[in-house]
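Coordinate inspection notes
The residues making up each chain are set out below.
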Amino acid sequence: MNLTIVGTGYVGLVTGTCFSEMGNNVTCIDIDKNKIENLKKGNIPIFEPGLERMVLKNIENNCLHFSTKLEEGLSKAEIVFIAVGTPMGEDGSADLQYVLEVAKQLGKEMQNPLIVVDKSTVPVGTGDRVKAVIEEELIKRGVNIEFSVVSNPEFLKEGAAVQDFMKPDRIVLGADSDNAFEKMKDLYSPFTHNHDRIITMDVRSAEMTKYVANAMLATKISFMNEIANICELVDADVNQVRIGIGSDSRIGYSFIYPGSGYGGSCFPKDVKALQKTAEERGYDADLIASVEQVNNRQKMVIANKVIDRFGDDLTGKSFALWGLAFKPGTDDMREAPAIYTVNELVRRGAEIKAYDPKAMGESKSYYLKDVKKITYYKSKYETLLNADAMLLLTEWKEFRSPDFEELKSQMKTPIIFDGRNQYSNLKLESKGFEYYQIGKKSKSINV
Ligand SMILES: NC(=O)c1ccc[n+]([C@@H]2O[C@H](COP(=O)([O-])OP(=O)(O)OC[C@H]3O[C@@H](n4cnc5c(N)ncnc54)[C@H](O)[C@@H]3O)[C@@H](O)[C@H]2O)c1
C-alpha cells in the first residue's frame, strides 16, 4: 500500500519504518527540514534499538522516503497517518494545534479518496474535529472527495518501540465505515498473522482507550510509590510486600515496582489531559489528579533522601549520578526524575558528575543545559572519584552488577542512593555500603 506519515518523530518514524519493512511504500513528512535532511542521509534523530538498521535497509530498498512537502506523500497515498505531537497545553489539556493544522493541510491538498488515521494521542472528540476541518477545506475548494477518519492509538514503549510495533499486544481501530475497517485490517494483517490482535470499536472509544491505558499504568506506579513511602514509615519492606501482592493473579507483578516516579513524553501529559477532559464535562477526576500529585512528590524522593543524610546545605558535596534518561533503552529525558534531582541538589550547592549510556547529549544540549555544576563523563567509573555518594536513577542493564570494589576505592564515602524502578538483591550493606532504596529504611554507618 502507499502510505504517508505526517510527523516523523518517535511514533511517526517507527510507524513509517515498520510499515515499509512489511513491503509498503511509505513517505514520512515533517516540517523540521533539518530532521528530514538528516534522515535522507540515514542519520536517525533518536536512539531506539533496531531502528537505524531498519531505516537504512528500507531507504536502500526504495520503500521509505522522507520529505518536508505533504503533497509529495499525498499524491499516491491511500492512507495517511497523523503522528504529530500533542503536548500539554498551558491549562493541562492536550494541545491539538499540530493535529488540526495537519487536518487543514490534508483538506487543502488531498486529490484522491483517503483514510485519515489519528495515531497521535488525542482526546475524545478529536476525530470529529479532524473530520470537520477537512470537510470545511474541501467545501472551500468546491470539491467532494471521499474520506474517513480512523482512530488508531499507538501503544509502543520507548526503548522497545520497534519490537512493540512489530509484535503488538493489540491494535485498536476506531472507525465508522466498513471500508475503513477493511483497509486498516489489511494493512495490519502482517503484524497479526499468528493470532488476531485487532480490536475494533467506534472512534471515541478508541481515543479514550489510549488515555485509559496510560492512566491505569500511571495509577499502578503512583499507588506503589505511595505504598513504598508508607512501608518506609512503618519499617516494612516494600519489596517483600510487592512480591506478596504480585502473586495474586488479579494484581500481577508488572508495574508495581516503586521508584522515583514516572516520566517520559506520555504518562505525565496523558494523565493531565484525561483529568482535563473530565473537568471540561464538569466531573472532578479526584483519583487521576492524585496520581499526578503523588508522582510530582515522588520525583523528589532521592533528592530528599540525600538531604536527610547530608543536610540542607550541600556546598562542597559531590555526587556521582548514574542514569539521566527517564527509562533505559532511550535517550529521552522528558520529565525524567534526574532533571528534578539534579536541579534540587545543585540548588543546594552540590556538584554532580553524571553518566548515562545514551542521554548525555540530550542533557547537555537541552534538559540540564543551564546547570553549571554538572560534569559529564564517558565512563561510569570516572564519575566516582571522591564522590560523597552515588545516585542511581535509570535501570540501565550495565548498572546492575558494577564492580563494587572499584566503586569503594574511588568514592570518598561508600554511600548509594538507589531510585531505580527495580530492586537490587546484591545485599550492598553486607558489602560495606550505606544503601538507600525507595520504601526501605537504611541504617547509616559512620564514615
Ligand atoms: N513517544 C512515545 O512513546 C509515544 C507512544 C505512544 C503515543 N505517542 C503519541 O504520539 C504522538 C507523537 O509523539 P512523538 O513522541 O512521536 O512526538 P515527537 O515530538 O517526537 O514528534 C512529532 C513530530 O511532528 C512534527 N510536526 C509537527 N507539526 C507538523 C506538521 N504540521 N507537519 C509535519 N510534521 C509536523 C514535529 O516536527 C516532530 O518531528 C503524540 O500524540 C504522543 O502522545 C507517543
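Below you will find a few notes about this structure.

The immediate surroundings of the ligand are formed by 24 residues, with Val11, Asp30, Lys35, Thr86 and Lys269 found nearest. Listed by contribution, the elements that provide at least two residues to the shell around the ligand are helix H1 (10-21) and helix H5 (97-109). Split into classes, the residues belonging to the shell around the ligand amount to ten nonpolar, seven polar and seven charged.

All right, on to the pattern of salt bridges then. A side chain of one charge can pair with a side chain of the opposite charge when the charged atoms of the two come close. The final tally for this structure, using the stated rule, is 25 salt bridges. With its nearest N and O atoms 3.1 Å apart, the salt bridge here joins Glu137 to Lys140. Of the two residues, Glu137 and Lys140 both sit in helix H6 (residues 126-141), three residues apart, roughly one turn of that helix. Overall, the relative accessible area of 5% leaves Glu137 in the buried class. We note a salt bridge from Arg297 to Glu226, for which the minimum N-O separation is 3.1 Å. In this pair, Arg297 sits in helix H12 (residues 286-298) while Glu226 sits in helix H9 (residues 203-234), placing the two residues 71 residues apart along the sequence. Given the relative accessible area of 33%, Glu226 is considered partly exposed. Among the ionic contacts, a cluster of salt bridges with common partners joins Asp312, Glu344, Arg347 and Arg348.

Before going further, it helps to examine the environment of Ser249. Within the secondary structure, Ser249 sits in the loop between helix H10 (238-246) and helix H11 (267-280). The exposed category is assigned to Ser249, whose relative accessible area is 75%. Between the C-alpha atom of Ser249 and that of Ile59, which follows or precedes it by 190 residues, the distance is 45 Å.

Let's shift gears to the nonpolar core. Taken as a class, soluble globular proteins show a tendency for nonpolar side chains to be buried jointly. Ranked by size, the top nonpolar core spans 56 residues in total, and within it Phe319 and Leu324 carry the most contacts. No other element matches the six residues that helix H13 (residues 301-310) contributes to this core.

Next up on the list: the environment of Tyr10. Checked against the element boundaries, Tyr10 lands in helix H1. Overall, the relative accessible area of 10% leaves Tyr10 in the buried class. Remark: the alpha-carbon pair of Tyr10 and Asn152, spanning 142 residues in sequence, is separated by 16 Å. Reaching out from Tyr10, the side chain makes a polar contact with the backbone oxygen of Phe47 at a distance of 3.3 Å. Side-chain polar atoms of Tyr10 contact the side chain of Thr330, separated by 3.1 Å.

About the cut-offs
Residues numbered from 1 in each chain as written. Predicted model: local features only at pLDDT ≥ 70, side-chain atom pairs only at ≥ 80, totals over all residues. Heavy atoms only, no water. Near = heavy atom within 4 Å. Helix = DSSP H or I, 4+ residues; strand = E, 2+ residues; numbered from the N terminus. Nonpolar A, V, L, I, M, F, W, Y, C, P; charged D, E, K, R; others polar. Salt bridge = Lys/Arg side-chain N within 4 Å of Asp/Glu carboxyl O. Buried < 20%, exposed > 50% of the residue type's maximum accessible area, 1.4 Å probe, protein only. Core = buried A, V, L, I, M, F, W, Y, C linked by side-chain atoms within 4.5 Å. Polar contact = N/O pair within 3.5 Å; in protein donor to acceptor, adjacent residues only side chain to side chain.

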